[in-house]
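Residues per chain, in single letters:
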Amino acid sequence: MPGQRSAAGPVALTSRAPHVPADRLVAEMVPPPRFDSVRFDNYIPDPNQPSQADAVRMLDGFAAGLDGATGGSRKRWFRRETKPAVPAGPRGVYLDGGYGVGKTHLLASLWHATPAAPEQKAFGTFVELTNLVGALGFQKTVQTLSGHRLLCIDEFELDDPGDTVLVSTLLGKLVEAGVALAATSNTLPGKLGEGRFAAADFLREIQGLSAHFRPLRIDGEDYRHRGLPQAPPPYDDATVRRVAQTADGASLDAFPGLLDHLSKVHPSRYGAMCDGIRAVCLTGVEPIPDQSTALRLVVLADRLYDREVPVLASGRPFDELFSEEMLAGGYRKKYFRAISRLTALARDAKPLAQG
């Protein structure tokens, strides 16, 4: 079984460079395992943040308004009848808020609540969407997604001008085909790209993207740290290796070697690289040397978090991964999200170290 220990010891992520067929990329455009059971009913709004309860009501109405809609050309997008009214204006909704306020929970709940077969709904991160275009080609991606009723895009980020034009064109085609859109991000649609490239040079494309969405602000603090104890400090190498040898499905890697390996595997394959892994053990965690390496680690952290894979590590704590310059730069929201998620996974690993 993938991920189980062999006679030689735990598996190493650095030994994995999986090939992922394009049809798997499409089939896996569903909410990740962490969000299999999320629904609007089990999202718990912070009573001090009324925007959270407002978001649940609005999204519930948005999902109900998609009842009976089909892909392809049509005059109307939402049936009113006895369903909650969907606000007029843009035919998509954009959840804006800080990391850890439950945006992905709400986006996945929208996917589950939309009355359509799974093959008529798609859910993926922004990176996974651009990777799909890379795997299928632009026209095939348009053709594949045009028959969908809903496209959910998590962690919407525009990191370079090429992505700006690509996604603007893709979403325009899908809107024309009658696909409803929903997205999450830490950045309002009109501000996408700020601090990362010359956004003013691509204002038309960014404004075009913004026109597809109605922004829905969700305020609040990171729920992963709300009333929870501090993340455990890093362990010593001996503890990390012991857990790797005894925990079922554990991997063991030296952190610098893993960073180097990530540079040789396309980010679209990071999820497959984690297949069967039930715990990640890392020795020698140290600050990230450069921004390209940091962005690759962000993607891996997202895939581990999606799969609820605990991370046990030695070396430096996860809040020291990124330099002050990185945390003050254009990708700071990605880095803070990675710190938040890795901290949560480190907390999840505590029982393994105590076992």
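Below: a short report on this structure. (Residues numbered from 1 in each chain as written. Predicted model: local features only at pLDDT ≥ 70, side-chain atom pairs only at ≥ 80, totals over all residues. Heavy atoms only, no water.)

Points about the packing of helix α9 (residues 255-262) against helix α11 (residues 291-306)
Part 1 of the argument: At a minimum axis separation of 10 Å, α9 and α11 run at an interaxial angle of 95°. Put simply, α9 runs roughly perpendicular to α11. In this structure, α9 contributes F255, L258, L259 and L262 to the contact, and α11 contributes T293, R296, L297 and L300.
Part 2 of the argument: Of the residues contributing to the contact of α9 with α11, the split by class is six nonpolar, one polar and one charged. (Axes fitted to C-alpha atoms, helices over the stretch in contact; angles between N-to-C directions. Helix = DSSP H or I, 4+ residues; strand = E, 2+ residues; numbered from the N terminus. Parallel < 35°, antiparallel > 145°, perpendicular 65-115°, else oblique. Contact = heavy atoms within 4.5 Å. Nonpolar A, V, L, I, M, F, W, Y, C, P; charged D, E, K, R; others polar.)

Re unusual backbone geometry
Part 1 of the argument: For E155, which is not a glycine, the phi torsion comes out positive at approximately 55°.
Part 2 of the argument: With respect to the helices and strands, the residue E155 is situated in the loop between β3 (150-154) and α6 (161-176).
Part 3 of the argument: Positioned with a positive phi, E308 is a non-glycine residue whose angle comes to about 60°.
Part 4 of the argument: Within the secondary structure layout, E308 lies in the loop between α11 and β8 (311-315).
Part 5 of the argument: On the accessibility criterion, E308 (43% relative accessible area) is partly exposed. (Buried < 20%, exposed > 50% of the residue type's maximum accessible area, 1.4 Å probe, protein only.)

Notes on helix α4 (residues 126-136)
Part 1 of the argument: Those residues of α4 not exposed but buried are F126, L129, T130, N131, L132 and V133.
Part 2 of the argument: At the C-terminal side of α4, G137 shows a positive phi close to 90°.

Describing the sheet that holds β3
Part 1 of the argument: As summarised here, the arrangement of the five strands in space is β2-β3-β4-β1-β5, forming an open sheet in which the pairing is parallel. Of all strands in the sheet, those bounded by a partner on one side alone are β2 (121-125) and β5 (214-217). For this sheet, the mean angle separating the axes of adjacent strands, direction not counted, is 15°.
Part 2 of the argument: Sheet topology note: the strand β1 (residues 92-96)/strand β4 (residues 180-185) ladder contains five bridges and is parallel. Pairing of V93 across the sheet is with A182, part of β4. (Pairing = 2+ DSSP bridges.)

Thoughts on the nonpolar core
Part 1 of the argument: The biggest cluster of nonpolar side chains holds 64 residues, and the ones touching the most others in it are L59, L106, L300, L321 and F322.
Part 2 of the argument: Those residues in contact with L59 that lie beyond four places of it in its chain are F40, V93, L95, L106, L110 and L216.
Part 3 of the argument: In this structure, L25, Y94, F156 and L171 belong to the second largest nonpolar core, which totals 25 residues. (Core = buried A, V, L, I, M, F, W, Y, C linked by side-chain atoms within 4.5 Å.)

With respect to empty space enclosed by the protein
Part 1 of the argument: Applying the stated criterion across every chain, the model contains two cavities of 30 Å³ or more.
Part 2 of the argument: Estimated volume of the largest cavity: approximately 80 Å³.
Part 3 of the argument: Surrounding the largest cavity, F255, L258, V280, L282, L297, L300, A301, L304, V311, F318 and L342 form its lining.
Part 4 of the argument: For the lining of the largest cavity, the secondary-structure elements that each account for two or more residues are α9, β7 (279-285) and α11.
Part 5 of the argument: When residues of the lining of the largest cavity are assigned to their parent elements, the largest contribution, four residues, is made by α11.
Part 6 of the argument: Tallied by class, residues from the lining of the largest cavity come to eleven nonpolar, no polar and no charged. (1 Å grid on protein atoms, 1.4 Å probe; cavity = no way out; pocket = protein on both sides within 12 Å on 5 of 7 lines; lining within 4 Å. Points joined across faces, edges and corners; volume = space filled by probe spheres on them.)

So, the sheet that holds β8
Part 1 of the argument: Here we have three strands laid out as an open sheet, ordered β6-β7-β8, and parallel in their pairing. Pairing within the sheet leaves two strands with one partner each, and these edge strands are β6 (250-254) and β8. The sheet shows a mean angle of 15° between the axes of neighbouring strands, taken without regard to direction.
Part 2 of the argument: The sheet contact formed by β6 and β7 spans five bridges and is parallel. Counted as the bridge partner of A250 is A279 from β7.
Part 3 of the argument: Packing against the sheet, helix α8 (residues 237-246) makes contact with β6, β7 and β8, and its axis sits at approximately 155° to β7.

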